[in-house]
Amino acid sequence: MSGAPQKRGAAVARMLGIGALGLVGGALLALFVQDLLATLLVRNGGVSAWLLPIFTFLMPVVSVASAVAAVLVDRRRAGVRADEDRGSDHAGDTRWE
């Protein structure tokens, strides 16, 4: 029995977890930005019609973008961790000193 399916399952679970954290973080960031925009717009006299699509799509777009960014950053970092585990110094030299 090899550990490959278990490692793959763990990698998928990690990716889903990192994506969920990115989604929640993006939603919180979008909520903060919406609050700032709403405060500025109320002080300046109201919301114009062209800003409504921004308010509509801000939270989903920022949330999904943050989730994708979190997964990509984690996968890139996982590649760096794998190189460090193998003893590589990113220059192709794998000798242990």
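In short, a report on the structure. (Residues numbered from 1 in each chain as written. Predicted model: local features only at pLDDT ≥ 70, side-chain atom pairs only at ≥ 80, totals over all residues. Heavy atoms only, no water.)

1. Some thoughts on the overall build of the chain
Line of reasoning, step 1. Along the chain, the regular secondary structure elements total two helices and zero strands.
Line of reasoning, step 2. Classification of the 97 residues of the chain by burial places 14% in the buried group.
Line of reasoning, step 3. The long-range share in the chain, meaning contacts at least 24 apart out of those at least 6 apart in sequence, stands at 62%.
Line of reasoning, step 4. When the accessible surface of the chain is summed, it comes to about 7,600 Å², and 68% of that surface belongs to carbon and sulfur atoms. (Helix = DSSP H or I, 4+ residues; strand = E, 2+ residues; numbered from the N terminus. Buried < 20%, exposed > 50% of the residue type's maximum accessible area, 1.4 Å probe, protein only. Contact = heavy atoms within 4.5 Å. Areas by Shrake-Rupley, 256 points an atom, 1.4 Å probe, with all protein chains shown as cover.)

2. Things to note about the environment of Val-73
Line of reasoning, step 1. Structurally, Val-73 can be placed in helix H2 (residues 52-86).
Line of reasoning, step 2. For the pair Val-73 and Ile-18, spaced 55 residues apart in the sequence, the C-alpha separation amounts to 9.7 Å.

3. Regarding helix H1 (residues 4-43)
Line of reasoning, step 1. Helix length check: H1 (40 residues) gives 58 Å between terminal C-alpha atoms against 58 Å at 1.5 Å per residue, within 8%.
Line of reasoning, step 2. Considered for burial, the residues of H1 that qualify are Gly-19, Gly-22, Gly-26, Ala-30, Gln-34 and Leu-41.
Line of reasoning, step 3. In the stretch just after H1, Gly-45 is the one whose phi turns positive, near 115°. (Expected span 1.5 Å × (residues − 1).)

4. Notes on the side chain of Ser-63
Line of reasoning, step 1. Position of Ser-63 relative to the elements: it lies in helix H2.
Line of reasoning, step 2. Here Ser-63 falls in the buried class, since its relative accessible area comes to 6%.
Line of reasoning, step 3. Other than its neighbours up to four places away in sequence, Ser-63 contacts Gly-22, Leu-23, Gly-26 and Ala-27.

5. Focus on the pattern of salt bridges
Line of reasoning, step 1. Summed over all chains, the structure comprises one salt bridge.
Line of reasoning, step 2. Here Asp-74 ties to Arg-14 by a salt bridge, and the two come within 2.8 Å at their closest N and O atoms. Of the two residues, Asp-74 is situated in helix H2 and Arg-14 in helix H1; the sequence distance between them amounts to 60 residues. (Salt bridge = Lys/Arg side-chain N within 4 Å of Asp/Glu carboxyl O.)

6. Looking at a nonpolar patch on the surface
Line of reasoning, step 1. Together, Leu-29, Phe-32, Val-33, Leu-36, Leu-37, Trp-50 and Ile-54 line one region of the surface with nonpolar side chains, adding up to about 670 Å² of accessible area.
Line of reasoning, step 2. Of the residues forming the nonpolar patch, the biggest block, five residues, is contributed by H1.
Line of reasoning, step 3. Within the element layout of this structure, Ile-54 appears in helix H2. (Patch = residues over 30% accessible without salt bridge, like charges linked within 9 Å, V, L, I, M, F, W, Y side chains within 5 Å.)

7. Focus on the environment of Ser-63
Line of reasoning, step 1. As a C-alpha pair, Ser-63 and Leu-28 span 35 residues in sequence and 8.2 Å in three-dimensional space.
Line of reasoning, step 2. Engagement of the side chain of Ser-63 in a polar contact is seen with the backbone nitrogen of Ala-27, the distance being 3.2 Å. (Polar contact = N/O pair within 3.5 Å; in protein donor to acceptor, adjacent residues only side chain to side chain.)

8. Concerning the side chain of Gln-34
Line of reasoning, step 1. Mapping Gln-34 onto the fold places it in helix H1.
Line of reasoning, step 2. A relative accessible area of 15% places Gln-34 in the buried class.
Line of reasoning, step 3. For Gln-34, the contacting residues outside a window of four places in its chain are Phe-55, Leu-58 and Met-59.

On their own, these measurements won't tell you what the molecule is for.
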